[in-house]
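Summary of structural features
These are the residues of each chain, in order.
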Amino acid sequence: MSEEAGEDGPVTVPARMVNEFVYCPRLFHLEWVQGRFASNDDVEAGLYMHRVVDHPGGTMPDPGVHDDVLAGRAARSVWVTSLPMRVTAKVDIVRSDGQGTVVPVDYKKGHPDPGGDPWASDRVQSVLQALVLRDAGYDVHEAEIWYGETRQQVTIPIDDASAAEARAIIDELWRVAADPEAPPPLVDSSKCPRCSLVGICLPDEINALRQRDAERARPRRIVPADPDSRPVYIQEQGAVVGVRGERLQVHLGKDLLASIRLIDVGQLCLQGNVNITPQVMRELFAREVPVCWFSYGGWFTGIAHGLPGKNVDIRRAQYTIDQDVALGAARRMIEGKIRNSRTLLRRNSRVDSSDKVESLAALGGKVRSVERFETLLGLEGAAARVYFSAFTQMLTSDTDIPINQFDVNGRSRRPPPDPVNALLSFGYSLLVKDLTVTALAVGFDPYFGLYHRPRFGRPALALDLAEEFRPLVAESMALQVLNNGEVTRRDFVSRAGGCQLDKSGRRAVLRAYERRMSHEIKHPLFGYRTTYRRAIDIQCRLLAAHLVGELDEYTPFLTR
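Residues numbered from 1 in each chain as written. Predicted model: local features only at pLDDT ≥ 70, side-chain atom pairs only at ≥ 80, totals over all residues. Heavy atoms only, no water.

What follows is about the sheet that holds strand 15 (residues 300-304). The sheet built from four strands is open, its strands ordered 8-12-14-15 with mixed pairing. Both outer strands of the open sheet, strand 8 (230-234) and strand 15, are each paired with one neighbouring strand and no more. Here the strands of the sheet are splayed against their neighbours by 20° on average, with no regard to which way each runs. Pairing of strand 8 with strand 12 (residues 265-271), which is carried by five bridges, proceeds in the parallel orientation. Each bridged residue has a counterpart across the sheet, and for V232 the counterpart in strand 12 is L268. Where helix 17 (residues 503-517) meets the sheet, its contacts fall on strand 8 and strand 12, and the angle it forms with strand 8 comes to roughly 175°. (Pairing = 2+ DSSP bridges. Helix = DSSP H or I, 4+ residues; strand = E, 2+ residues; numbered from the N terminus. Axes fitted to C-alpha atoms, helices over the stretch in contact; angles between N-to-C directions. Contact = heavy atoms within 4.5 Å.)

Rendered as structure tokens:
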């Protein structure tokens, strides 16, 4: 649970985590107990300000030493642990008076409260630093906090009352840490918008779903922006991906094909015979960036990432899920898929498809009441046959793609027999790749599904989560590239009864897919503007909240 815990020693909590506990118990639980972390501008600014005190240095006297030479001397980045309190503290500055008395100084990037006093969370952290130093044998009467934004120094007396308050908070912290379920989100708190974990915690989204019928069911628009990093696709056969400095470099022989900043890489996707150096793997794992492999034809074949997610409670809930709960979530996912397919057909059909639209509406209505997985599978199959029988009705007649082949073949794969099927298969592979990456980031095992049965090499949970997004992302992308002429007949290669995109076709589809994932929409549940990439992340986290008991049911993403 803590990086400060040895294999056989007692678990200790860092004083900085006590700060977060006082600020928000849920933030503490998510970050320390569940091991979830995310950065933002405030976090990075704080790290930058701390650069001057993060490296150990200076002179730290032994406890009880009296030496006038040490008066005014200071030590930086002093790590002290109190086993009786079960607290460890990394003190930014420890200043000595040479007579056995020391003063801990904590650096904060922000400002004190409007009255000039330290914030409650900062004050408790400084008091704990003082108490830990006392347990180490030092004489400590006060602590200081330096607020960088206003360049103010605030002094905190260490008395019996402040010590008792800090010890009581530690007792409550351990009680919360022992509970596998995180505390509930704060309600309408001003702390949430600038919290780095707001996109993981989803406070207003979870509160809104819990109180959907309440007057204030719509959350505030505090959802964080999508990260600046994006997937990087390499499909040049024989290329080698290396790293130099802070940049990812792609070479083919002696030629440099691309140089990309590492901070801009959200995933590294390699297609076909592309090589990658061990240095790149280590660097990406350290940054929690996954590496995904595709076959030359576009099948998603594997993924590599760093250590597994620390949130074992999600995987425990996933592996031990009650079958009625799994069926309930699967019903909502398939309902979402059918309703989104119906909406796409209703909006984009170029002929009268009212009979198909009505059939999909009827099948979607039946899904919510099924009591067996086999029945659900049958309804999904029936809906797919209705939907794909009308799929080419959404395509323009100006395309040179032989769309009549799809009408004859229907939805078919392994290998796709015609260009439309090849395009859909490639789009689904990209979508499942992104859902696999997202499921891993949230803490799931992407290979253990609720609806799709586990099978060797199949990311079943990613396939589950992909269902409601297939029409919105993969199929919409396929319609766009065909109707806009972004891919044509010459972008496909047919051989031995199979059809696949060639290099230029894959490049065009990758551009269109990433454009679709970055497309901004109004979230149908929460009302704020977001992208499909961010919406996929939200859905994955809502499923996690449902499985661990925070939400009574899973709510699919339904377009309007």
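Let us keep going from here.
Attention shifts here to helix 12 (residues 373-389). Taking 1.5 Å per residue, 17 residues should reach 24 Å; helix 12 reaches 24 Å between its end C-alpha atoms and fits that length. The elements touched by buried residues of helix 12 are helix 10 (323-348), helix 11 (354-367), helix 13 (404-409), helix 14 (419-442) and helix 16 (470-483). (Expected span 1.5 Å × (residues − 1).)

Strand order in the open sheet formed by four strands is 11-10-9-13, and the pairing between neighbours is mixed. Two strands bound the open sheet, and with one partner strand each, they are strand 11 (255-261) and strand 13 (275-276). Here strand 9 (residues 240-244) pairs with strand 10 (residues 247-252) via five bridges, running antiparallel. Bridge assignment links G242 to a residue of strand 10, and that residue is Q249.

Bringing the confidence of the model for the chain into the picture now. Here the chain averages 85 in pLDDT, and 93% of its residues register 70 or above. Note that pLDDT drops below 50 for residues 1-9; the model gives that stretch 16 contacts with residues more than four away or on any other chain. pLDDT under 50 marks residues 213-217. Its contacts with residues more than four places away, or in other chains, come to four contacts. (pLDDT = per-residue confidence, 0-100.)

Attention now goes to the nonpolar core. Counting residues in each nonpolar core, the largest one holds 87 residues, and the members touching the most others are F391, V420, F444, F469 and L543. Among the elements that make up this core, the one with the highest residue count is helix 14 (14 residues). Ignoring any residue separated from it by four or fewer positions in sequence, one finds L543 in contact with A329, M333, F444, L450, L461, L465 and Y554. Membership of the second largest hydrophobic core comes to 40 residues, among which are V13, M17, M85 and V132. (Core = buried A, V, L, I, M, F, W, Y, C linked by side-chain atoms within 4.5 Å. Buried < 20%, exposed > 50% of the residue type's maximum accessible area, 1.4 Å probe, protein only.)

All right, on to the packing of aromatic side chains then. For the structure shown, the criterion picks out 13 aromatic pairs. Ring centres of Y319 and F448 lie 5.3 Å apart, and the angle between their planes is 90°; this geometry places the pair in the edge-to-face category. Placement of Y319 in helix 9 (residues 312-319) and of F448 in the loop between helix 14 and helix 15 (460-466) is noted, with a sequence separation of 129 residues between them. In this structure Y319 comes out as partly exposed when scored by relative accessible area, which is 42%. By relative accessible area, F448 is classed as partly exposed at 25%. Pairing F391 with F406 gives two aromatic rings, centres 5.7 Å apart and planes at 50°, and the pair type is tilted. Of the two residues, F391 is situated in the loop between helix 12 and helix 13 and F406 in helix 13; the sequence distance between them amounts to 15 residues. Look at F391 and you get buried, because its relative accessible area is 0%. The ring of W174 has R86 lying over it, and the distance from NZ or CZ to the ring centre is 3.9 Å. A cation over an aromatic ring shows up here: R470 above the ring of Y428, its NZ or CZ 4.6 Å from the ring centre. (Phe/Tyr/Trp six-rings, centres within 6.5 Å; stacked < 30°, edge-to-face > 60°. Lys NZ or Arg CZ within 6 Å of the ring centre and 35° of its normal.)

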